[in-house]
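Chain by chain, the residues:
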Amino acid sequence: MKQIASPLEVLQQYWGHAAFRPLQEDIIGSALAGRDTLALLPTGGGKSICFQVPALCQEGICIVVSPLIALMKDQVSNLQKRNIPAVAIYSGMNKRQIDILFENACNGAYKFLYISPERLKTDMAKVRVQRMNVNLLAIDEAHCVSQWGYDFRPPYLEIAEFRKLIPKTPVIALTATATPEVMVDICEKLEFKAPNTFQQSFSRTNLSYSVLYETQKREKLVNILTRVPGSGIVYVRSRGETKEVAHLLQQNRVSADFYHAGLSAEDRSDKQDAWMNGKTRIIVCTNAFGMGIDKPDVRIVVHLGLPESLEAYFQEAGRAGRDGKKAFATMLYTTADGEALRHFMKMSFPPIGILKQTYQAIGSSTQLAIGAGLGESFDFDFQHFCNTYKLDFPLTHAAIKLLEQEGWIMLTDSVSSPAKVIVTADRETLYDYQIKNKQADSIIKVLLRAYPGIQNNITDISENMIAQYAKCTIEQVQQSLQSAYKENILQYELKKDKPQLIFTRARVGAENLTIDQVKFNFRKERAQKRVDSAIIYAERLLCRSGLLLDYFGEKDSPPCGICDICTGRNKSDIPTAEIFNTYERKLREVLRLEPLTMKEILEAFAIKRHSLVIDTVSYLCDEGRLKEVAMIDIRFLKRITQRNRRQ
């Protein structure tokens, strides 16, 4: 592929940066040399630059495969702001619209074509891509290709077959979270010609990790946010909790708002913008918030519970301190959180009967006939669906996830998409239609004046603005556009604001629904290991950064010096974590049958060990992890501990 500019020239021209971040230039050089490349950069490490720059250095178009519609739209918007032609094709668009975008891509109208993975296997994609001059195939969120990973998505497995259509085009795969096993799997599943990996250390020297054992989490949260200034994110597990916690913070004079996927697209956008611009200091959210967010001055990220994997935690916590200045990632934890996570994991793998029941309800809600539906998409309101068919929310959510992993359906994130129009009729036909339809005439005139390119390109429109200029209601605008669509005058797509459910296979009868039991068991085993690793991180008294680095394959890293363990903020004067764990196990064995007095506890240990035992019990009682000791003994214990420390 002919190179038309140097990477540094492109970086300076479009981004205004004088130099690349560490490793970016090496990754870009590898892609420009035509080598299949895996880039592993932590959150905020500048992954998008690694494929956008080499694509702009060469003639042709870069195809970017991405699983999240919101992420695609955000990157397309950012490219367009830099006057770089880019477009996205995703589920929920009508066939005519997709056809036009593909044709424009074939004709060289864009430098970047973002596409959702399930679109790769459509005939339209297969035929058109062979007419394109594709200079690079970029795979974003590449961990989704691996069943070893935490976010496996079956459509990603189609990429290897898709590559055969453009055999001379190199692949660049990018991710922020991958264990060594996942990295190997990515290269294999994408059929790299040779392993070629660039990995930046997961170490974040400016980010202080802490796990605080707190039973009164919300009170502690208020205390933390009162003491730590600056912008922040608070992650909670449920939508209802986002509103409750944000209200609590507001009552305590902390500027806060809440965010979750159940809000309208307009509300989500307004809340995100207010936080991004510093009008709101703290955003309380579910894990629906944060993907693609690039806010460098986040000073603190707090988790009011335990995420389901260290991959998810590392990505969410890593949104703090992207500017390189001191920042904090704090988890408020109790042992009940670990137990709840194990229960949630088991619930995430329901029996086949639940899967069949859910699939049958999906078929009924879409009114698809058996044998139909391949590739079709439908608006999907999860809460309404469960209420209508009287389904249990957690089990149904888990069943849909498994149906996705088995390749039967796909559920996208919420689609926030304005109404779109392209006028397809020729000038004479359009003129005749306007003469015969007076109301449509005024609306079409507004369209042609307000959107000059609407006869050549699919264009986002504002139905509200058109109604104001045409002096009619929004409903009349929509009715007129619908009528014109039926008369083949224009293509019209209604505004969307809901997730899309796509049938990735033709519908079958629920009795014929099958799953791969071997893969099911494998994914369940992997999920269990991820949960165990998350609990170990929360409960083991070792350097937090070291535990994370070890999980991601960086062994024997030195203590970070700034986490709660290294600074002693989360432990008593216990010499080492190994000794503490030994004493905790012995204490729990001693207390297994019945509560004991402090005197009785000490009798189970040698006299020379009493000081360590007292320190250990004191710490466990302070953190709410030991309740078998009477309160009078705790007060006595604290006096003894304080006296020992003074001595």
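Residues numbered from 1 in each chain as written. Predicted model: local features only at pLDDT ≥ 70, side-chain atom pairs only at ≥ 80, totals over all residues. Heavy atoms only, no water.

(A) Quick peek at the overall build of the protein. Within the protein one finds 27 helices and 19 strands. Its C-alpha radius of gyration of 28 Å places the protein within 12% of the 26 Å reference for a compact globule of 647 residues. Projected onto the principal axes, the alpha-carbon positions of the protein cover approximately 100 × 55 × 55 Å. With 647 residues in all, the protein has 53% of them scored as buried. Intrachain contacts of the protein at a sequence separation of at least 6 include 77% that bridge at least 24 residues. Approximately 29,800 Å² of the protein is accessible, and the part contributed by carbon and sulfur atoms is 50%. When the 84 basic and 74 acidic side-chain charges of the protein are each reduced to a single mean position, those positions are 2 Å apart. (Helix = DSSP H or I, 4+ residues; strand = E, 2+ residues; numbered from the N terminus. Rg over C-alpha atoms; globule rule 2.2 N^0.38 Å. Buried < 20%, exposed > 50% of the residue type's maximum accessible area, 1.4 Å probe, protein only. Contact = heavy atoms within 4.5 Å. Areas by Shrake-Rupley, 256 points an atom, 1.4 Å probe, with all protein chains shown as cover. Lys, Arg positive; Asp, Glu negative; His and termini not counted. Charge placed at Lys NZ, Arg CZ, Asp CG, Glu CD.)

(B) Representation of the nonpolar core. Ranked by internal contacts, the top residues of the largest apolar core, which has 136 residues, are Phe 51, Phe 112 and Ile 139. If one sorts the elements of this core by residue count, helix H21 (residues 517–539) sits on top with 7 residues. For Phe 51, the contacting residues outside a window of four places in its chain are Cys 62, Val 64, Gln 75, Phe 112, Tyr 114, Leu 136, Ala 138, Ile 172 and Leu 174. Counting residues in each nonpolar core, the second largest holds 24 residues, with Val 446, Leu 447, Ile 466 and Val 477 among its members. (Core = buried A, V, L, I, M, F, W, Y, C linked by side-chain atoms within 4.5 Å.)

(C) Molecular detail of the pairing of strand S9 (residues 231–235). Burial of S9 is extensive: 5 of the 5 residues sit out of reach of the surface. Taking every second residue as pointing to the same face, both faces of S9 are buried, with Ser 231, Ile 233 and Tyr 235 on one and Gly 232 and Val 234 on the other. Summarising the sheet, S9 and strand S12 (residues 298–303) pair through 5 bridges and their orientation is parallel. Bridge assignment links Ser 231 to a residue of S12, and that residue is Val 298. Summarising the sheet, S9 and strand S11 (residues 282–285) pair through 4 bridges and their orientation is parallel. Directly across from Ile 233, in S11, lies its bridge partner Ile 283. (Pairing = 2+ DSSP bridges.)

(D) Representation of the layout of surface pockets. Size it by volume and the second largest pocket reaches roughly 660 Å³. Residue lining of the second largest pocket: 27 residues in total, with Lys 95, Arg 119, Leu 374, Gly 375 and Glu 376 positioned closest to the centre. Only helix H5 (95–106), helix H6 (123–129), strand S14 (377–379) and strand S19 (500–503) provide two or more residues apiece to the lining of the second largest pocket. Residues belonging to the lining of the second largest pocket are distributed by class as follows: 9 nonpolar, 8 polar and 10 charged. (1 Å grid on protein atoms, 1.4 Å probe; cavity = no way out; pocket = protein on both sides within 12 Å on 5 of 7 lines; lining within 4 Å. Points joined across faces, edges and corners; volume = space filled by probe spheres on them. Nonpolar A, V, L, I, M, F, W, Y, C, P; charged D, E, K, R; others polar.)

(E) Structural detail: the pattern of salt bridges. Under the defined criterion, the tally for this structure stands at 22 salt bridges. For Arg 544, the salt bridge identified is with Asp 564, shortest N-O distance 3.0 Å. Here Arg 544 is found in helix H22 (residues 544–551), whereas its partner Asp 564 is found in helix H23 (residues 564–567), with 20 residues between them in sequence. Each of the two residues, Arg 544 as well as Asp 564, counts as buried. (Salt bridge = Lys/Arg side-chain N within 4 Å of Asp/Glu carboxyl O.)

(F) Structural detail: the environment of Arg 96. With respect to the secondary-structure elements, Arg 96 resides in helix H5. Look at Arg 96 and you get partly exposed, because its relative accessible area is 34%. With 395 residues separating them along the chain, Arg 96 and Gln 491 place their C-alpha atoms 7.5 Å apart. Sequence-distant contacts of Arg 96, that is, excluding residues within four places in its chain, are made with Thr 424 and Gln 491.

(G) Quick look at the side chain of Lys 295. In this fold, Lys 295 is placed in the loop between S11 and S12. Exposure remark for Lys 295: the relative accessible area of 6% places this residue in the buried category. A polar contact of 3.2 Å, which involves the side chain of Lys 295, links it to the side chain of Asp 297. Setting aside chain neighbours within four positions, we find Lys 295 in contact with Ser 231, Trp 275, Met 276, Gly 278 and Arg 319. (Polar contact = N/O pair within 3.5 Å; in protein donor to acceptor, adjacent residues only side chain to side chain.)

(H) Focus on the sheet that holds strand S5 (residues 134–139). Reading across from one edge, S3-S4-S2-S5-S6-S1-S7 is the order of the 7 strands in this open sheet, with parallel pairing throughout. Each edge of the open sheet carries a strand with a single partner, namely strand S3 (86–89) and strand S7 (197–199). Looking at each pair of strands side by side, their axes are set apart by 20° on average, direction ignored. Where S3 and strand S4 (residues 112–115) come together, 4 bridges link them in parallel fashion. Residue pairing across strands places Ile 89 opposite Ile 115, the latter belonging to S4. Sitting on the sheet, helix H2 (residues 24–32) touches strand S1 (37–40), S5, strand S6 (171–175) and S7, and the angle it makes with S1 is about 165°. Where helix H8 (residues 180–189) meets the sheet, its contacts fall on S1, S6 and S7, and the angle it forms with S1 comes to roughly 150°. (Axes fitted to C-alpha atoms, helices over the stretch in contact; angles between N-to-C directions.)

(I) Summary view of the packing of helix H14 (residues 352–366) against helix H16 (residues 393–405). Packing of H14 against H16 brings their axes to within 9 Å, and their N-to-C directions diverge by 85°. As judged from the angle between their axes, H14 and H16 are roughly perpendicular. On H16, the residues touching Ile 354, Leu 355, Thr 358, Tyr 359 and Ile 362 of H14 are Leu 395, Thr 396, Ala 399, Ile 400, Leu 402 and Leu 403. In the contact of H14 with H16, the residues fall into 9 nonpolar, 2 polar and no charged. (Parallel < 35°, antiparallel > 145°, perpendicular 65-115°, else oblique.)

(J) Fine view of the packing of aromatic side chains. By the definition in use, this model includes 16 aromatic pairs. Between Trp 148 and Phe 522, the aromatic rings sit 5.1 Å apart at their centres with planes inclined by 80°, giving edge-to-face as the arrangement. Of this pair, Trp 148 sits in the loop between S5 and helix H7 (159–163) while Phe 522 is found in helix H21, placing the two residues 374 residues apart along the sequence. By relative accessible area, which is 32% here, Trp 148 ends up partly exposed. Look at Phe 522 and you get partly exposed, because its relative accessible area is 25%. Aromatic pair Tyr 313 and Tyr 537: ring centres 5.4 Å apart, planes at 45°, arrangement tilted. Taken together, the residues Tyr 313 in helix H12 (residues 310–317) and Tyr 537 in helix H21 connect sequence positions 224 residues apart. Of the two residues, Tyr 313 and Tyr 537, neither departs from the other in class, the shared state being buried. Counting every residue linked through ring pairs, the aromatic cluster contains Phe 202, Phe 314, Tyr 551 and Phe 552. Its end group placed over the ring of Phe 258, Lys 271 keeps NZ or CZ at 3.8 Å from the ring centre. (Phe/Tyr/Trp six-rings, centres within 6.5 Å; stacked < 30°, edge-to-face > 60°. Lys NZ or Arg CZ within 6 Å of the ring centre and 35° of its normal.)

(K) Just empty space enclosed by the protein, in detail. Scanning the entire structure with this criterion turns up 2 cavities of 30 Å³ or more. Roughly 40 Å³ of volume is contained in the largest cavity. Lining of the largest cavity is provided by Asn 94, Arg 96, Gln 97, Lys 420, Val 421, Ile 422, Ile 458, Gln 491, Tyr 492 and Glu 493. Considering only residue class, the lining of the largest cavity consists of 4 nonpolar, 3 polar and 3 charged. Its volume calculated, the second largest cavity comes out at about 30 Å³. In terms of lining, the second largest cavity is formed by Phe 202, Ser 203, Arg 204, Tyr 209, Phe 314, Ser 545, Leu 548 and Leu 549. Looking at side-chain class alone, the lining of the second largest cavity contains 5 nonpolar, 2 polar and 1 charged residues.

Worth remembering: the numbers are spatial, not functional.
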